[in-house]
Amino acid sequence: MKIKSVLISQVKPAGESSPYFDLEKKHKIKIDFMPFIHVQGADAKDVRIQKIDFSQFTAVIFTSRNAIDHFFRLAEEMRFAVPDSMKYVCQSETIALYLQRYIVYRKRKIYFGEKEAEDMIPLFKKNPDEKYLLPTSDILNQDIPDALNKAGINWTRAILFSTVSSDIASKISNIDDYDALVFFSPSGIKSLFDNYPDFKQNETIIGTFGVSTKQTAEEAGLKVEFFAPTKESPSMAKALDDFLD
């Protein structure tokens with residue numbers, strides 16, 4: 001079948017430089033954007049139910065910018081003054097630099113890895129005696145706790161925010177109007193069926209980003225027609241371009 005319309009389950013890119021806009025012109029198709037999921041923050045009561053007391057920790061592990069936002073939001077809500085002595089271990093430099101929104105960066109003890117969870121292990125070995133707090137979403141990749149356990153540190157997880165399905169059905173009454181749907185997380189697949197419980201793939205083309213997203217789609221009975229990242233298609237835009245070609 002010829003693809004004429006594609007729905008990308010993310011926020012529309014800002015500006016005009018996105019490769020998706022180039023694909024519209026190249027293949028003469030329509031590409032729409034709609035985030036299928038959104039982040040919902042926990043409140044102070046949720047934290048107390050988990051028996052989490054921020055004052056009992058000497059270091060915080062950050063694996064996302066969302067984790068930073070919700071940690072400092074809840075610290076303020078719970079009237080916890082984050083001490084200057086608090087140490088921060090971040091999964092990447094990009095995440096570490098985001099801390100500048102909340103602290104005086106150059107005056108704090110901040111450590112960061114290259115990109116993967118395993119990259120943080122040497123950082124923990126330099127600070128083995130800290131009590132670490134790991135702020136997370138309700139969904140956590142297993143490679144993170146695996147790396148922390150491998151490092152042999154004292155750590156506690158705190159669920160400070162959740163990834164929930166957005167209300168797509170009220171905005172798009174008939175998802176079958178799109179020839180192709182593109183997903184970037186297992187939560188996006190879940191949202192598809194939360195919004196359209198009777199969804200049948202039929203002729204709809206499905207594209208996914210990431211191994212876990214592809215696996216979740218297939219477990220839901222969907223046939224994945226294109227996939228990223230691969231050696232040939234490191235980005236979803238490239239995978240879509242190759243498929244359309």
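Calculation notes
Residues numbered from 1 in each chain as written. Predicted model: local features only at pLDDT ≥ 70, side-chain atom pairs only at ≥ 80, totals over all residues. Heavy atoms only, no water. Helix = DSSP H or I, 4+ residues; strand = E, 2+ residues; numbered from the N terminus. Polar contact = N/O pair within 3.5 Å; in protein donor to acceptor, adjacent residues only side chain to side chain. Phe/Tyr/Trp six-rings, centres within 6.5 Å; stacked < 30°, edge-to-face > 60°. Buried < 20%, exposed > 50% of the residue type's maximum accessible area, 1.4 Å probe, protein only. Pairing = 2+ DSSP bridges. Axes fitted to C-alpha atoms, helices over the stretch in contact; angles between N-to-C directions. Contact = heavy atoms within 4.5 Å.

## Overview of the side chain of Ser 9
Structurally, Ser 9 can be placed in the loop between strand S1 (5-8) and helix H1 (19-27). In this structure the side chain of Ser 9 is engaged in a polar contact, spanning 2.6 Å, whose partner is the backbone oxygen of Val 182.

## Structural notes on the packing of aromatic side chains
Inspection of the entire model under this criterion finds 15 aromatic pairs. Residues Phe 62 and Phe 71 carry aromatic rings whose centres are separated by 5.7 Å and whose planes lie at 65° to one another, so their mutual orientation is edge-to-face. Each member of the pair Phe 62 and Phe 71 is classed as buried. Joined through ring pairs, the aromatic side chains of Phe 54, Phe 62, Phe 71, Phe 72, Phe 80, Tyr 88 and Tyr 102 make up one cluster.

## A few points about the pairing of strand S7 (residues 131-137)
Where burial is concerned, most of S7 is hidden: 6 out of the 7 residues are buried. Of the pairings in the sheet, the one linking strand S4 (residues 59-62) to S7 comprises 2 bridges and is parallel in character. Across the sheet, the residue bridging to Val 60 is Leu 133, located in S7. Two elements, S7 and strand S8 (residues 154-165), share 7 bridges in a ladder whose sense is parallel. Bridge pairing in S8 places Pro 135 opposite Ala 158.

## Some details on the sheet that holds strand S2 (residues 30-33)
The parallel open sheet is built from 5 strands, whose spatial order is S2-S1-S9-S10-S11. Strands at the two margins of the open sheet, each flanked by one partner only, are S2 and strand S11 (224-228). Recorded for the sheet is a direction-independent mean angle of 20° between the axes of neighbouring strands. Looking at chain direction, strand S10 (residues 205-209) and S11 are connected through 4 bridges and run parallel. Note on S11: the bridge partner recorded for Ile 206 is Val 224. Packed on one face of the sheet, helix H9 (residues 236-244) meets S1, S2, strand S9 (180-183), S10 and S11 and runs near 140° to S11.

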